[in-house]
Amino acid sequence: MSRKEFRDLADPEAAREAIASLELRPDDETVPLREARGRVLAERVDAELDVPGFDRASVDGYAVRAADTFGADEAEPARLELVGEVHAGVEPDVEVGDGECAEVSTGAVLPPGADAVVMVERTDRVSRSDTERSRGEGERSESEPRDAEGDDVLVRTSLAPGDRVMFAGADVAAGERALGPGTVLTSREIGLLSALGVDEVPVRGRPTVGIISTGDELVRPGDPLNSDAGEIYDVNSYTTATAVEEAGGEARLYPHAGDDYDAMESVLREAAAECDLVLSSGSTSASAVDVIYRVVEESGELLLHGVAVKPGKPMLVGRLAGSAYVGLPGYPVSALTIFRTFVAPAIREAAGLPEPQTATVEGSMAVRERYEEGRLRYMPVGLVTDGDGETLVYPVDKGSGATTSLVEADGVVAVPPDVEYLDADERVEVQLFSPDVRPPAVFGAGEDDPALSRLLDRVERPRYLGVGSRQGARRLRDGVTDVAVLTGEADPDGAVELGGWSREWGLLVPEGNPKGVEGVADLVDREVRFVNRTTDSGLRTTLGNAVADLADERGVDRHSLVEGIDGFEFAVRAHESPARKVLAGAADAGLGLRATAESLGMGFVACGEESVRVVASEARREKPGVRDFETALASVEDVVADLPGYRAE
């Protein structure tokens, strides 16, 4: 037999390119949610319902009409008639009218008529037959019954609509982008999907990897070993299989192949027919008895034989019967080194998994964070890189009841009890939720928008917070985010525009427009129950400008028109939220987009167009993730082509 000599050893980059040229990615699949941990989403998951699905009390106390408490304080509390109680998990059987209140527990449905909740600590419960008593004398003792009949409640503070209320969709809003393709599903994401009622998810397939150890001297652990005959236990099969699973693949062990050509060809072909990738170890060195390279040459295509790297020079790369093939060295240390260096990244890429990181990272605080409660705090934080690639750490906190806080946070920073604040640029250590956590490739905040959700699908590892134009501009200005998505004319300092689009806005009404709403003027002049967007939303600002224009036409003060709109201050967060309120019968009209109306089968009253602009921090313009986002923006015309009311700019 002639020996196969190593000639013209490939450099490591050539080996990587050869492996990258192999097709390892299997078909996507759908799995039950309970089996989805560690898998990678194959496509975007949008929320199909609001979370919470109802307006709920966020504290124990009393549901009231905020207007009934205006001017109330410790000296002159508002006196309200107690008309009933509502507990968590129970449908309200009471309605709150003028001058009335209902006792509620945390998580309870807000009863009809109420628009705020006062904490029980800011109230006194008194008998209605009692005369007005001084503060403190009306408090009910623990031994007294909590029968609402005949009781009044003294409210010692003023409330605004929405106080201590978590509105439907405040955590996750129906139609909102919940998780994007490429998201690795950990316990945090599983929790969010559970809250959305998802029971199965589309995930990337795991590449099946066939593992074959070659050599007549190998014995499987547990079988008798004859050391006198030079037999050794097979180490590579188990270590490689474990490494494959750690990289996100599914390992499949095959019987040992001896150094006989026919036996080698048989087991290789069997594995190639059943797997996406075949890994063998041993029989790759330049030896007369090493026949594996000839099997590959004669039954497939040999792309590479030998790499200029130590350890691990004898490596094969090729194709075999429609499957990818890599031959690892026989020595266990060399085999594992070559696997981790060259093969594991390809398996992770095929499975959609990111490169792993250590369980802790250091970074600099992006903003100043105050904390004065005098207790050890595990502060949820996210990671982002600046224009120089340095890790920045920013606080993440949407409230203890918000499931999405878990998804947006990458880890926690332990803040000792005696630390009152963490200053901007201060170095901190982050305990990651998972060793696989990495900062997003691009981090943005601003408007919630259907076109933006589509654009984010085209960007690798994005993170986006739909917090509205005002908050988006602030976070960009503070140096937390890379990009902001804004409406209006104002540009944050140090920002450069990347592109944008326009969208048609107006009033969302039930199908057929039963109220005959024709425009903004009808909100003022007619009895139309309206639901608005939150004050941070650029769409609300656009509506405010339209109201201001109407006021100028009529020669009246803008605020007088606002006060005439029933529900102008009733605000919900995301672009579909007003539509959901209208569909539920809670309002006659809501602020929204034509695209939303048509996707939900609603009527739409057009009021105008507004521009949506994507701006980036000038200091991070050259960041790869920002460049990728800008590239995606170049195709915005295709993105919005089938979105009603949208136009590329």
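Going by the structure above, here's the rest.
This report concerns the structure included in the present document.

## Some remarks on the pairing of strand β6 (residues 100-104)
The buried fraction of β6 amounts to four of the five residues, a majority that puts the element mostly inside the structure. Direction of pairing for strand β4 (residues 61-64) relative to β6: antiparallel, over a ladder of four bridges. Opposite G61, over in β6, you have V104 as the bridge partner.

## Description of the sheet that holds strand β18 (residues 300-305)
Strand pairs in the sheet, formed through backbone hydrogen bonds, run parallel or antiparallel to each other. The strand order across the open sheet built from six strands is β16-β13-β17-β20-β19-β18, with neighbouring strands paired in mixed fashion. The open sheet has two edge strands with one neighbour each: β16 (250-253) and β18. On average, each strand axis in the sheet is inclined to that of its neighbour by 20°, with strand direction left out of account. Relative to β16, strand β13 (residues 208-213) is paired through four bridges, and the arrangement is parallel. Paired with G210 across the strands is R252, a residue of β16. Running over the sheet, helix α1 (residues 12-20) touches β18, β19 (316-320) and β20 (323-328) and is turned about 160° from β18.

## Comments concerning α1
Listed in full, the buried residues belonging to α1 are A15, A18 and I19. Along the long axis of α1, the arc covered by the buried residues comes to 95°, so they all point the same way. Opposite the buried face of α1, at more than 90 degrees from it, the exposed residues are E17 and A20. If you check the start of α1, you find a side-chain oxygen 3.1 Å away from the backbone N of E13, and it comes from D11.

## A few points about the sheet that holds β4
Judged by pairing direction, the sheet is mixed, and its six strands sit side by side in the order β7-β4-β6-β5-β9-β8 without closing on themselves. Two strands in the sheet have a free side with no partner beyond their single neighbour: β7 (116-119) and β8 (123-127). Neighbour-to-neighbour, the strand axes of this sheet turn through a mean angle of 40°, independent of strand direction. In this structure, β4 lies alongside β7, joined through four bridges in antiparallel fashion. Bridge pairing in β7 links G61 to M119.

## Quick word on the pattern of salt bridges
Counted by the stated rule, this structure contains 44 salt bridges. Between E609 and R647 there is a salt bridge whose closest N-O contact spans 2.8 Å. Of this pair, E609 sits in strand β35 (residues 603-617) while R647 is found in strand β36 (residues 646-648), placing the two residues 38 residues apart along the sequence. Looking at E609, the relative accessible area reads 46%, which means it is partly exposed. Connected via shared salt-bridge partners are R44, D46, R177 and D457.

## Section: unusual backbone geometry
Residues apart from glycine generally show negative phi values, whereas peptide bonds are mostly found in trans. Note the cis peptide between V51 and P52, where omega equals -5°. Inspection of the secondary structure assignment puts P52 in the loop between β2 (45-46) and β3 (56-57). Notably, R164 is not glycine yet its phi reads approximately 55°, a positive angle. Looking at where R164 falls in the secondary structure, it is placed in the loop between β9 (151-155) and β10 (165-166). Using a relative accessible area of 39% as the deciding quantity, one classes R164 as partly exposed.

Definitions and limits used
- Residues numbered from 1 in each chain as written.
- Predicted model: local features only at pLDDT ≥ 70, side-chain atom pairs only at ≥ 80, totals over all residues.
- Heavy atoms only, no water.
- Buried < 20%, exposed > 50% of the residue type's maximum accessible area, 1.4 Å probe, protein only.
- Helix = DSSP H or I, 4+ residues; strand = E, 2+ residues; numbered from the N terminus.
- Pairing = 2+ DSSP bridges.
- Axes fitted to C-alpha atoms, helices over the stretch in contact; angles between N-to-C directions.
- Contact = heavy atoms within 4.5 Å.
- Arc of directions from axis to C-beta.
- Polar contact = N/O pair within 3.5 Å; in protein donor to acceptor, adjacent residues only side chain to side chain.
- Salt bridge = Lys/Arg side-chain N within 4 Å of Asp/Glu carboxyl O.

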